[in-house]
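The lines below spell out each chain.
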Amino acid sequence: MELPEDIMNLRDLNKNIEYIAEDVWARIFGLTLSVPCPNDRAKALFINFVSKKYKEDLIENEELYVDTEYCYNLITEFINYLVDRG
């Protein structure tokens, strides 16, 4: 897996993903839906889901960049993941 140009190591990549995913999490619930955010455990699961999915997708597309649009596009898949895991 080749890291994006602006990321120097996996630790920086993980921090970047966490920052963006956490921001999107707050935007989805606070700004878009105007409801309180789910608990911290749900947020941590979302961040972990985004991180894992991004790293899987990066293997197929080395040009892929994690950004707010990427995270927004994963919210439905994340909800389905939660339902499937029971």
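Our subject in this report is the structure included herewith. (Residues numbered from 1 in each chain as written. Predicted model: local features only at pLDDT ≥ 70, side-chain atom pairs only at ≥ 80, totals over all residues. Heavy atoms only, no water.)

Attention shifts here to the overall build of the protein. If you tally the helices and strands in the protein, you get three helices and zero strands. When the elements of the protein are put in sequence order from the N terminus, they spell out α-α-α. In terms of overall size, the protein behaves like a compact globule, its C-alpha atoms giving a radius of gyration of 13 Å where 86 residues would be expected to give roughly 12 Å. A principal-axis box enclosing the C-alpha atoms of the protein has dimensions of 35 × 25 × 20 Å. Within the protein, the proportion of its 86 residues that are buried is 35%. (Helix = DSSP H or I, 4+ residues; strand = E, 2+ residues; numbered from the N terminus. Rg over C-alpha atoms; globule rule 2.2 N^0.38 Å. Buried < 20%, exposed > 50% of the residue type's maximum accessible area, 1.4 Å probe, protein only.)

Residues Phe-46, Val-50, Tyr-54, Val-66, Tyr-70, Cys-71 and Phe-78 are the most contacted members of the largest nonpolar core, which totals 23 residues. For this core, the elements supplying multiple residues, two or more each, are α1 (10–32), α2 (40–60) and α3 (68–85). Beyond its immediate stretch of four places on either side in the chain, Tyr-70 contacts Val-50, Lys-53, Tyr-54, Asp-57, Leu-64 and Tyr-65. (Core = buried A, V, L, I, M, F, W, Y, C linked by side-chain atoms within 4.5 Å. Contact = heavy atoms within 4.5 Å.)

Right, let's get into the state of the cysteines. Taken as a whole and judged by the stated rule, the model has zero disulfides. No disulfide involves Cys-71; its nearest neighbouring cysteine sulfur is the one of Cys-37, lying 14 Å away. (Disulfide = S-S within 2.5 Å.)

Close approach of charged atoms allows side chains with opposite charge to pair. In the structure shown here, the tally under the stated rule is five salt bridges. The salt bridge involving Lys-53 is made with Asp-57; its shortest N-O contact spans 3.5 Å. Placement of the pair is Lys-53 and Asp-57 together in helix α2, with a separation of four residues, close to one helical turn. Linked through salt bridges whose partners overlap, the residues forming this network are Glu-22, Asp-40 and Lys-43. (Salt bridge = Lys/Arg side-chain N within 4 Å of Asp/Glu carboxyl O.)

Let us now look at the packing of aromatic side chains. Per the stated rule, a full pass over the model turns up eight aromatic pairs. Seen from their ring centres, Phe-49 and Tyr-81 are 5.2 Å apart, and the 35° between their planes marks the pair as tilted. Residue Phe-49 is found in helix α2, and its partner Tyr-81 is found in helix α3; the two are separated by 32 residues along the sequence. Since its relative accessible area comes to 31%, Tyr-81 is described here as partly exposed. One aromatic cluster is present, formed by Trp-25, Phe-29, Phe-46, Phe-49, Phe-78 and Tyr-81 through successive ring pairs. (Phe/Tyr/Trp six-rings, centres within 6.5 Å; stacked < 30°, edge-to-face > 60°.)

Note that every value here comes from positions in space, so none of it alone points to a role or purpose.
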